[in-house]
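Spelled out, the chains give:
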Amino acid sequence: MNGFQFQFSPVFARSDVLLEGLWLTLQLSAIGISLGALLGILLAMLRGLAPRALRWPVDAYVELVRNTPFLVQLLIIFFGLPSIGVKLTAEQAAIGAIVLNLGAYSTEIVRAGIESVHKSQIEAGLSLAMTRWQVFRHVVIAPALARVWPSLSSQFVLMMLSTSVCSFISVQELSGTAANVESDTFRSFEVYITVTAIYLALALVMRGLLAMLGAVLFPKGSGLGRLRTQSGR
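Because the structure is a prediction, the values reported are computed rather than measured.

1. Quick word on the packing of aromatic side chains
So, step 1. Going through the model one piece at a time under the given rule, you end up with six aromatic pairs.
So, step 2. Taking 5.5 Å as the distance between ring centres and 35° as the angle between the ring planes, the aromatic pair formed by Phe6 and Phe189 counts as tilted. Of this pair, Phe6 sits in the segment before helix 1 (9-13) while Phe189 sits in helix 9 (residues 188-217), and the two are 183 residues apart along the sequence.
So, step 3. Judged by relative accessible area, Phe189 falls into the partly exposed class, the value being 46%.
So, step 4. Between Phe8 and Phe12 the ring centres are 5.9 Å apart and the planes differ by 20°, which places this aromatic pair in the stacked class.
So, step 5. Of the residues examined, Phe12 reaches a relative accessible area of 52% and is grouped as exposed.
So, step 6. Grouped by ring-pair contacts, the aromatic residues Phe6, Phe8, Phe12 and Phe189 constitute a single cluster.

2. Structural notes on the nonpolar core
So, step 1. Formed by 52 residues in total, the largest nonpolar core has its most connected members in Ile114, Leu152, Phe156 and Val171.
So, step 2. Within the residue set of this core, elements represented by two or more residues are helix 2 (15-49), helix 4 (70-80), helix 5 (90-115), helix 7 (132-162), helix 8 (174-185) and helix 9.
So, step 3. If one sorts the elements of this core by residue count, helix 7 sits on top with twelve residues.
So, step 4. Beyond its immediate chain neighbours, meaning those up to four positions away, Leu152 contacts Ser106, Ile109, Val110 and Leu145.
So, step 5. Grouped together as the second largest cluster of nonpolar side chains are six residues, Leu43, Val62, Val65 and Ala104 included.

3. Quick notes on unusual backbone geometry
So, step 1. With phi around 70°, Ser170 is a residue other than glycine that occupies positive phi space.
So, step 2. If you trace the backbone, Ser170 turns up in the loop between helix 7 and helix 8.
So, step 3. Relative accessible area serves as the criterion here: at 52%, Ser170 is assigned to the exposed category.

4. Remarks on the packing of helix 8 against helix 9
So, step 1. Two elements in contact, helix 8 and helix 9, have axes whose closest approach is 9 Å; the angle formed by their N-to-C orientations is 160°. On the basis of their axis angle, the class for helix 8 and helix 9 is roughly antiparallel. The handedness of the crossing between helix 8 and helix 9 comes out as right-handed. In contact with Leu174, Ser175, Ala178, Ala179, Val181, Glu182 and Thr185 of helix 8, helix 9 contributes Ser188, Val191, Tyr192, Val195, Ile198 and Tyr199.
So, step 2. Broken down by class, the residue content of the contact of helix 8 with helix 9 amounts to nine nonpolar, three polar and one charged.

Definitions and limits used
- Residues numbered from 1 in each chain as written.
- Predicted model: local features only at pLDDT ≥ 70, side-chain atom pairs only at ≥ 80, totals over all residues.
- Heavy atoms only, no water.
- Phe/Tyr/Trp six-rings, centres within 6.5 Å; stacked < 30°, edge-to-face > 60°.
- Helix = DSSP H or I, 4+ residues; strand = E, 2+ residues; numbered from the N terminus.
- Buried < 20%, exposed > 50% of the residue type's maximum accessible area, 1.4 Å probe, protein only.
- Core = buried A, V, L, I, M, F, W, Y, C linked by side-chain atoms within 4.5 Å.
- Contact = heavy atoms within 4.5 Å.
- Axes fitted to C-alpha atoms, helices over the stretch in contact; angles between N-to-C directions.
- Parallel < 35°, antiparallel > 145°, perpendicular 65-115°, else oblique.
- Left-handed = near helix turned anticlockwise from the far one by under 90°.
- Nonpolar A, V, L, I, M, F, W, Y, C, P; charged D, E, K, R; others polar.

Okay, structure coming up:
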């Protein structure tokens, strides 16, 4: 290796910078994923319940976002919107891009879950004198989310990893600060090996937390059977 030696000490000496980037990555992920998931659920409900005239704009949004690169969407929001008078900070643009991107993917995932609910379950809910809103809330959307939670969780993790792209608009998240540390220390390999390990740890921890959250939100045995018991009390 031509006498190459690993030197991680210069990288660790700048750990405070990397931790600041990590903290911003967590903030972007938490805000963007929360709002994006909420947007996806709302649009999936609208897509399933609204008249056709209201569904086609949602369909167009989903197809547009899912068939264009996240980086392009980010650049349009940050550099394109100011031309029409909408000025955002780099962090605001990053959150907006995350919300719009994840919202489109979540809409499609949740829609698939809603369509997997059999009509007989809806009829059973109505037979228990539940309102249509109660049926949709307890019999349709809750089981639908439970079925697609693994897919949603994977999309959430992918979105967290995609925050690394936000460094293109000078957002000082983990990848952005890593580039600064690399330019200061000239230890490219060590810097990006360290950042790779951090992202890997983040992804594994996030998957575990989402699995636990899913077990809390969608416990086994929940659903129409439990509602039937509650309605008979």
